Amino acid sequence: MSRLLGGTLERVCKAVLLLCLLHFLVAVILYFDVYAQHLAFFSRFSTRGPVRAHLAASSSTNCSRPNATAPSSGLPEVPSAKPGPTAPVLPPCPDLPQGLGGQCPWILAKALIPNTILPAVGRLLIEFTSPMPLERVQRENPGVLLGGRYTPPDCTPAQTVAVIIPFRHREHHLRYWLHYLHPILRRQRLRYGIYVINQHGEDTFNRAKLLNVGFLEALKEDAAYDCFIFSDVDLVPMDDRNLYRCGDQPRHFAIAMDKFGFRLPYAGYFGGVSGLSKTQFLRINGFPNEYWGWGGEDDDIFNRISLTGMKISRPDIRIGRYRMIKHDRDKHNEPNPQRFTKIQNTKLTMKRDGIGSVRYRVLEVSRQPLFTNITVDIGRPPSWPPRG
């Protein structure tokens, strides 16, 4: 009996040991998936000299927090000098800047395998629980000029990017957005400006019309803008290799939100965060102005893009991941009862309803340290006929 009991205990102990080992292996795999997904099997080996050189070059990289900016040179973050006879000619900014990811996985690799250098790219840790006063965000981004403008001090970007945010009563969300996005955009070596288009009053919200306003007002401030990123204020990218730039086709950035289980909800989805060049935006006559309330305008925009012969460009689903700040549905932003009918009629309405027909009145332009706030009166929605 005792021999049988001893054999049973031995088998139980082995099973427990096997489960512990399996748990350890899973933990290691997940750790490397998040912090070292591009290790290339530790193929980048060098001598101790290059390791020290890389460490010295990376000394300006702040790896203590996920949104730290990592300039690729030792130059201070100051506004670029105006071109002149003696102004230095800066090289073009790289297509894929170094230092993206914010973490520094090469430190991990150096601890595991000596003389190994890895690129600092990957996912970011995004959380919305810590207090986020604007003063803190301003201290974290000393190179951002009044109005939310930034230019890399050590290279010349190929594009000038205007980031447009439709807005009303979301100050809490805006602070988190600025906290994460400014460092991300700076690491991406972008020349950019942030424009918060604030809808005045308490009438029904109109997201697409505010985006049209942002396009026009940004160009009034700087005619050099040639790329426009349209972003909801409650969406933060989880991977800064999701480059906020425009390409040959309209770009959809937010393709894998936590709200949708990190999947694209349907093939024609174009909501959340998108980007169009100036030429592409004008080609589709901008966005529709008649979508009052929640829903439908992003599908109308998708239809406009398709009807003009363009296609949607998207990042890899592992890179286009976003976290949404949880919130209740806003008042005066109820679902638009006419959205399904309007979506079906895009072909008939896009030529007369768009950037060429938008009407609004600017009430205030306020250039804050981290963004430009433009408060506008966009009118009121027409009276909808009773449903039934």
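All values derive from a computational prediction rather than experimental measurement.

1. Some details on the pattern of salt bridges
- Evaluated as defined, the whole model comprises 16 salt bridges.
- A salt bridge links D154 to R189; the nearest nitrogen and oxygen atoms lie 2.4 Å apart. Linking D154 in the loop between β1 (149–150) and β2 (160–167) with R189 in the loop between α5 (171–187) and β3 (191–199), this pair joins segments that are 35 residues apart in sequence. Taken individually, D154 and R189 each receive the classification buried, so the pair is uniform in this respect.
- Across the pair R207 and E297 runs a salt bridge, and its minimum N-O distance is 3.0 Å. Of this pair, R207 sits in helix α6 (residues 207–221) while E297 sits in helix α8 (residues 297–307), and the two are 90 residues apart along the sequence. E297 matches R207 in its accessibility class, with the two residues each being buried.
- It is possible to trace a salt-bridge network through shared partners that takes in R149, E221, D222 and R367.

2. With respect to a nonpolar patch on the surface
- On the surface, L18, L21 and F24 cluster together into a nonpolar patch covering about 340 Å² of accessible area.
- Here L18 lies in helix α1 (residues 2–35).
- The exposure class assigned to L18 is exposed, which follows from its relative accessible area of 59%.

Each value, and the rule that gives it
- Residues numbered from 1 in each chain as written.
- Predicted model: local features only at pLDDT ≥ 70, side-chain atom pairs only at ≥ 80, totals over all residues.
- Heavy atoms only, no water.
- Salt bridge = Lys/Arg side-chain N within 4 Å of Asp/Glu carboxyl O.
- Helix = DSSP H or I, 4+ residues; strand = E, 2+ residues; numbered from the N terminus.
- Buried < 20%, exposed > 50% of the residue type's maximum accessible area, 1.4 Å probe, protein only.
- Patch = residues over 30% accessible without salt bridge, like charges linked within 9 Å, V, L, I, M, F, W, Y side chains within 5 Å.
- Areas by Shrake-Rupley, 256 points an atom, 1.4 Å probe, with all protein chains shown as cover.

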